[in-house]
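# Descriptive structure summary
Here is how the chains run, residue by residue.
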Amino acid sequence: MEQITPPKQPIPVYILLRENTLALDLIGPAEVLRYANRLAEMEGRPALFDLRYISAESRIDTSIGLSLAGFSALPKRVPTNAMLLLIGCTGNDDDFSGLAAQATVAWLRRHVKPSHRLLCICTGALLAGYAGLLDDRQCTTHHNHYDSLRKLAPRARVLENRIFVEDGSAYTSAGVTAGIDLTLHVVAQIAGYQFAAAIARTMVIYMRRAGTDPQLSPWLAFRNHLHPAIHRVQDAIIGNPSADWTIAQLAQIACSSERHLTRLFREHTGTGVVDYLHRIRIGLARELLVQSDLGIERVAEVGFNSTRQLRRIWKKFETTPPSHYRAIDRDAATGHF
């Protein structure tokens, strides 16, 4: 459904550590990537990510008083498909005068290329900004550090009140837990939105989109609950949205009566079963309009009886007509699910 092909080989992920690393900035994204590998292996596929911890120092202290050692030195070569994570720090986040900091900045300037995904967690954006990696890009950081980022990176366009911001291959996030949101978003781009949503459910995390986006993806919306039967129904709909679903069939999946399913579904998701099904089908139709050259008649086959029904239900959930998504730039239309 998502037309995403996960990589056949693990993506090298370099997690850059510095003195006074904020522990949650490190652990949160790293756990997302670990769960991604675990889920891929459970599905019989290779691990998606190869995590490598690097630093200009041989030992660092974290924000919670735990000392870390045993990581690698800054590598002399970075593969073209690598991902780099710059972790936030506590204390003098905007002071890069020390020898280790200067060595780190020089390494970043020398090795980070446009082919790399650059993920800046919290005040990791300050380091990226100082190194010139955010020039002419939109970005964000922790709300206490907007002014510092503007001072360190005067050519960057700092956006406030955003969970995370994506501009090309550069990704920046707000404070602490927003790094988890950002990492889930990147995993979704690499392995698919259903895959990332499964990780979020396992970690008991509500998966969010960036603040610039107009709405939640239908594949991720209405999943902020813990009811297993409702998740089974949602998984069944997402797995085969074009099926001729009836409330009776879905009730069997939920092991409940039709009336009980209808009540439970609205209670736990905040929307009705039929509306949820329609949202999924409209979301799929929108993707097909953006990512393919299929005519509207073929697009309607995602679960609608006719193009007339597609347009009628489309108006219920979308403010712009289907032709809007066929005409605008496809990358911009796809958004960040």
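Going by the structure above, here's the rest.
What this report covers is the structure whose coordinates are included nearby. Small disclaimer: the values here were computed from a predicted structure and weren't measured. Residue indices follow the written sequence of each chain, beginning from 1 at its first position. With the structure being a predicted model, the display of local features is reserved for residues of pLDDT at least 70 and the display and counting of side-chain atom pairs for 80 or more, all residues being used for whole-chain, interface and lining totals. Water and hydrogen atoms play no part in the side-chain values, which are based on all heavy atoms of the structure.

## Brief notes about the pattern of salt bridges
What counts here: Think of a salt bridge as a Lys or Arg side-chain nitrogen and an Asp or Glu carboxyl oxygen that are within 4 Å of each other. Exposure classes here rest on a 1.4 Å probe applied to the protein chains alone. A residue is buried below 20% of its type maximum, exposed above 50%, and partly exposed in between.
Evaluated as defined, the whole model comprises 14 salt bridges. As a salt-bridge pair, Arg298 and Glu301 come within 3.4 Å of each other at their nearest N and O atoms. A relative accessible area of 47% places Arg298 in the partly exposed class. Connected through shared salt-bridge partners, Asp135, Asp136 and Arg155 make up one network.

## Brief notes about the pairing of strand 2 (residues 49–55)
For a regular strand, the rule is simple: side chains alternate between the two faces of the sheet. Let me state the cut-off plainly: Between any two strands, pairing holds if DSSP finds at least two bridges. For helices the rule is a DSSP run of H or I covering at least 4 residues; for strands it is a run of E covering at least 2, with both sets numbered from the N terminus onward. Whether a crossover is right-handed depends on one test, that the path from the first strand over the helix to the second runs clockwise when the strands point away from the viewer.
Examined bridge by bridge, strand 1 (residues 11–17) and strand 2 share seven bridges and lie parallel to one another. Following the sheet pairing, Tyr14 is matched in strand 2 by Arg52. With helix 1 (residues 23–42) bridging strand 1 and its parallel neighbour strand 2, the resulting β-α-β unit is right-handed. With two bridges connecting them, strand 2 and strand 5 (residues 72–73) associate as parallel partners. Paired with Ile54 across the bridge in strand 5 is Ser72.

## Let's talk about the layout of surface pockets
Worth spelling out the cut-off: Cavities and pockets are found on a 1 Å grid laid over the protein atoms alone: a cavity is a set of points where a 1.4 Å probe fits but cannot escape, a pocket is an open set with protein on both sides within 12 Å along at least five of seven lines, and a lining residue has an atom within 4 Å of such a point. Grid points are joined across faces, edges and corners, and a volume is the space filled by probe spheres set on the points. Three classes are used: nonpolar for Ala, Val, Leu, Ile, Met, Phe, Trp, Tyr, Cys and Pro, charged for Asp, Glu, Lys and Arg, and polar for all others, with Gly counted as polar.
Approximately 260 Å³ is the volume attributed to the largest pocket. For the largest pocket, the lining is made up of 17 residues, of which Arg18, Glu19, Glu57, Asp95 and Ala101 are closest to its centre. In terms of residue count, helix 2 (residues 99–111) provides more of the lining of the largest pocket than any other element does, three residues in total. When grouped by side-chain class, the residues that make up the lining of the largest pocket number six nonpolar, six polar and five charged.

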